[in-house]
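Inside the fold
Single-letter residue listing:
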Amino acid sequence: MAKRVQLVLNKDVSKLGRAGDVVDVAPGYARNYLIPQGLAVHSTPGILKQVERRRELERQRLAELKQQAEAVKKAIEAVKTLSIAKQVGENEAIFGTVTTQEVADAILSATKQEVDRRSITLPEVHKLGSYEAVIKLHPELTASIEIQVVPA
């Protein structure tokens, strides 16, 4: 039986690994598919050092993103409550609903921090009152803020 070949992936390969991973594969798979397609290169000491350098830069970038998300969380939670004015009908029912874009705009005006509307989770809002919005700022970090729906 043939030996396995050690390669470093240049791109993500399904069921094998992500870019930068060091993998052991069959020599035929490496010679006939991965290397000619530009998906991988043979691992050498120099290439392994490059991979480690890229990983360290990626770790630093992710740590910086987390610090930025923590700063945004502090700014959002310092506000505590946001008021959103809506037109009201009978029984304190509002016309339409409160959208994530309205919440993102209210956060921007109150804290000067930009938040992506797709990261905001809201309950169904059909009446006046107080609701809690959850904002996912980072995979490990969420913030919550109280939304006060008031008549316009």
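What this report covers is the structure whose coordinates are included nearby.

The rules behind these values
- Residues numbered from 1 in each chain as written.
- Predicted model: local features only at pLDDT ≥ 70, side-chain atom pairs only at ≥ 80, totals over all residues.
- Heavy atoms only, no water.
- Buried < 20%, exposed > 50% of the residue type's maximum accessible area, 1.4 Å probe, protein only.
- Helix = DSSP H or I, 4+ residues; strand = E, 2+ residues; numbered from the N terminus.
- Salt bridge = Lys/Arg side-chain N within 4 Å of Asp/Glu carboxyl O.
- Contact = heavy atoms within 4.5 Å.
- Core = buried A, V, L, I, M, F, W, Y, C linked by side-chain atoms within 4.5 Å.
- Axes fitted to C-alpha atoms, helices over the stretch in contact; angles between N-to-C directions.
- Parallel < 35°, antiparallel > 145°, perpendicular 65-115°, else oblique.
- Nonpolar A, V, L, I, M, F, W, Y, C, P; charged D, E, K, R; others polar.
- 1 Å grid on protein atoms, 1.4 Å probe; cavity = no way out; pocket = protein on both sides within 12 Å on 5 of 7 lines; lining within 4 Å.
- Points joined across faces, edges and corners; volume = space filled by probe spheres on them.

Of note, K80 is a non-glycine position whose phi angle comes to about 70°, a positive value. Judged by relative accessible area, which is 59%, K80 ranks as exposed. The residue K112 is not glycine, and still its phi comes out positive at about 60°. Summarising the element assignment, K112 is placed in the loop between α3 (100-111) and β5 (120-121). What makes K112 exposed here is its relative accessible area of 67%.

The subject of this paragraph is the pattern of salt bridges. Following the criterion strictly, the structure yields 8 salt bridges and no others. Here E140 and K66 are joined by a salt bridge, their closest N and O atoms 2.7 Å apart. Taken together, the residues span a long stretch of sequence, with E140 in the loop between β6 (129-138) and β7 (141-151) and K66 in helix α2 (residues 45-79) at a distance of 74 residues. You can call K66 partly exposed: its relative accessible area is 28%.

The next subject is the side chain of S43. Positionally, S43 belongs in the loop between β3 (40-42) and α2. A residue is classified by how much of its surface remains accessible, and S43, at 19% relative accessible area, is buried. Each residue touching S43, except ones within four places of it in the same chain, is listed here: Q6, L7, V8 and L48.

As a further point, take the nonpolar core. In terms of nonpolar packing, the biggest core is built from 21 residues, with I76, I147 and V149 touching the most fellow members. With residues near it in sequence (within four places) discarded, V149 still touches I84, K86, I94, V98, V125, K127, L128, G129 and Y131. In this structure, L7, L9, L34 and A40 belong to the second largest nonpolar core, which totals 10 residues.

Turning our eyes to something else, we now look at the environment of P123. Inspection of the secondary structure assignment puts P123 in the loop between β5 and β6. Through-space distance from the C-alpha of P123 to that of L39 is 44 Å; in sequence the pair is 84 residues apart.

On to the packing of α2 against α3. It is at 10 Å that the axes of α2 and α3 come closest, and there the two elements cross at 90°. The orientation of α2 with respect to α3, classified from their angle, is roughly perpendicular. On α3, the residues touching A75, I76 and V79 of α2 are I107, A110 and T111. The residue inventory of the contact of α2 with α3, partitioned by class, reads 5 nonpolar, 1 polar and no charged.

This paragraph deals with the layout of surface pockets. Size it by volume and the largest pocket reaches roughly 160 Å³. For the largest pocket, the full set of lining residues is L9, N10, R18, A19, G20, D21, V51, R54, R55 and E58. Per element, the largest residue contribution to the lining of the largest pocket is 4 residues, and it comes from α2.

These values are about where atoms sit, not about what they do.
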